[in-house]
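Residue-level structural notes
Chain residues, written in single-letter form:
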Amino acid sequence: PARSARDTLSSCGLPFPSLERRASPDLEGKLVSHSSTPWTLRVYGALPFAPVLSGAAFALILIAVLLGSEIALGRLMASPPDLRLAIVHCLLVAYLPTAYAYVILWSRRTVSDLRPALDCSEGEIAELRARAGSYRWWVLAMVGILAVALTAAMTRATTPAEVNPWSWGEMIPEVRWHRVLGFVAGWWAGCFFYAVFAESRRVYSLTRRLRSTDLLDLRPLMPFTRQALGNALLIIGSISVYSFFLVETRFLTMVIGLWIGAVIVATLTFMLPILGVHRVIREAKQAELEWCGDALMRARTALKEGPGEPQRLPMHEIVAYKQVVDGVREWPFDASTVMRFALYLLIPLASWSGGAVVERVIDSLLE
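The structure contained in this document is the topic of the report that follows. The shown structure was predicted, so the numbers you read here are calculated from the model rather than taken from an experiment. (Residues numbered from 1 in each chain as written. Predicted model: local features only at pLDDT ≥ 70, side-chain atom pairs only at ≥ 80, totals over all residues. Heavy atoms only, no water.)

Some thoughts on the overall build of the protein chain
Counting its regular elements, the protein chain contains 14 helices and zero strands. For the protein chain, the succession of helices and strands along the chain, N to C, is α-α-α-α-α-α-α-α-α-α-α-α-α-α. Taking the contacts inside the protein chain whose residues are at least 6 apart along the sequence as the reference set, 83% of them involve residues at least 24 apart. (Helix = DSSP H or I, 4+ residues; strand = E, 2+ residues; numbered from the N terminus. Contact = heavy atoms within 4.5 Å.)

Spelled out as structure tokens, the structure:
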């Protein structure tokens, strides 16, 4: 009914607000080629399984090699706490590159899902998809080095003061696994978090290329929300793996700091793609409300002029449509999306306090 009212108002001869967002006509000629596929995606693409299965297989292989070396050295039960920590490092080294790949894949999927809503040619869409995952190598290198340095600082902070954490000859085999895999995981953590921010900004920029905004049907904008939720889930998943370090109480301070940081980063990356959509909806809503105001003024003027030409614009339809537009929410999500995001934040707690039970509770609440 609201759409019919809007169509009726448009057919009455009044100028309807143009909500078109046009891209620059010479944009396509200025695009830079990013046709090369990131090598991480090439590796996962060459495997016969989905990235999540490939990552799980990689984790199992690493753990099998670790346990095999422990058995060969006769140390399987020599230091259970250090062995458990080595297994956590194996999980991190498998999870982080897999999450990195999914950030890029989901960003490309978002571009494809937004194709009907974007004012772009097929060539521009292909270019936008290819840009996902295309980063300057020196930026990734700097981010990786900073993440490795942070890993070294956390290693020093969680090692007893009387122990030298870098003396290779004094380390037991399990701790050597910690050191090697810890730096590998630190590098991938830096690349992963950078990719999340970069792709969130890239998706945010797509709001400036939207063809139009229909306030009566916001479903074409839902890919922005899915991207935001996906990024938040990947970040929370990473901190959930880090939470397994709580098998040792000396990591409590480190894990709490990581939890706080992850919540902040997850919130920022959740909001960034959505802020652009909020701006678009607000502008479209303001434009239509102004149009309704102009239509009401014209109808009032026609009513004051008295009998004459039959009035083509019923005032009650204008008022009804204005009420519909005024009730449109300006954020591209509802209460269930907020609840889902809030429940995502509880996943790290579930990772060490009964993940399977909490997962079933979340699923039942969402259903």
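Digging into the packing of helix H8 (residues 173-205) against helix H9 (residues 222-242)
The contact between H8 and H9 brings their axes to 11 Å, and the two run at 165 degrees. Of the possible angle classes, the one that applies to H8 and H9 is roughly antiparallel. Where H8 crosses over H9, the two elements pack in a sense that is left-handed. Facing H8, whose interface residues are Ala185, Ala189, Phe192, Phe193, Val196, Glu199, Ser200 and Val203, H9 presents Phe224, Gln227, Asn231, Leu234, Ile235, Ser238 and Tyr242. Residue composition of the contact of H8 with H9, grouped by class: ten nonpolar, four polar and one charged. (Axes fitted to C-alpha atoms, helices over the stretch in contact; angles between N-to-C directions. Parallel < 35°, antiparallel > 145°, perpendicular 65-115°, else oblique. Left-handed = near helix turned anticlockwise from the far one by under 90°. Nonpolar A, V, L, I, M, F, W, Y, C, P; charged D, E, K, R; others polar.)

Focus: the side chain of His278
Counting through the fold element by element, His278 comes out in helix H10 (residues 252-304). Residue His278 is classed as buried on the basis of its relative accessible area, which comes to 11%. Residues contacting His278, with those up to four places away along its chain left out, are Glu330 and Trp331. (Buried < 20%, exposed > 50% of the residue type's maximum accessible area, 1.4 Å probe, protein only.)

Examining the packing of aromatic side chains
Tallied over the entire structure, the rule returns ten aromatic pairs. Pairing Tyr102 with Trp106 gives two aromatic rings, centres 5.4 Å apart and planes at 50 degrees, and the pair type is tilted. Of this pair, Tyr102 and Trp106 both sit in helix H5 (residues 80-113), separated by four residues, roughly a single helical turn. An aromatic cluster is built from Trp39, Tyr100 and Trp188, whose rings are joined through pairwise contacts. (Phe/Tyr/Trp six-rings, centres within 6.5 Å; stacked < 30°, edge-to-face > 60°.)

Let's talk about the side chain of His178
Along the chain, the position of His178 falls in helix H8. One polar contact links the side chain of His178 to the main-chain amide nitrogen of Ala86, over a distance of 3.3 Å. (Polar contact = N/O pair within 3.5 Å; in protein donor to acceptor, adjacent residues only side chain to side chain.)

Notes on a nonpolar patch on the surface
Together, Phe197, Leu252, Ile256, Ile260, Ile264 and Leu268 line one region of the surface with nonpolar side chains, adding up to about 530 Å² of accessible area. A per-element tally of the nonpolar patch places H10 first, with five residues. Structurally, Leu268 is set in helix H10. Residue classification places Leu268 among the partly exposed residues on the basis of a relative accessible area of 48%. (Patch = residues over 30% accessible without salt bridge, like charges linked within 9 Å, V, L, I, M, F, W, Y side chains within 5 Å. Areas by Shrake-Rupley, 256 points an atom, 1.4 Å probe, with all protein chains shown as cover. Salt bridge = Lys/Arg side-chain N within 4 Å of Asp/Glu carboxyl O.)

Some words on the nonpolar core
Grouped together as the largest cluster of nonpolar side chains are 54 residues, with contacts concentrated most on Tyr100, Phe192 and Phe245. Mapped onto this core, the elements with two or more residues apiece are helix H3 (39-46), helix H4 (51-73), H5, H8, H9, H10 and helix H12 (335-344). When residues in this core are grouped by element, the largest group, 14 residues, is from H5. The residues touching Tyr100, leaving out its near neighbours within four places in the chain, are Thr40, Tyr135, Leu140, Trp188, Cys191, Phe192 and Ala195. One finds Leu114, Ala117, Val325 and Val328 within the second-largest nonpolar core, a separate group that totals 24 residues. (Core = buried A, V, L, I, M, F, W, Y, C linked by side-chain atoms within 4.5 Å.)

Notes on helix H7 (residues 137-157)
Spanning 21 residues, H7 covers 30 Å between terminal C-alpha atoms, matching the ideal 30 Å at 1.5 Å per step. Of all the residues in H7, the buried ones are Val139, Leu140, Gly144, Ala147, Thr151 and Thr155. One side of H7 holds all its buried residues, which, seen down the axis, span an arc of 145 degrees. Among the exposed residues of H7, those pointing more than 90 degrees away from its buried face are Ile145, Leu146, Leu150 and Ala157. The elements touched by buried residues of H7 are H5 and H8. (Expected span 1.5 Å × (residues − 1). Arc of directions from axis to C-beta.)

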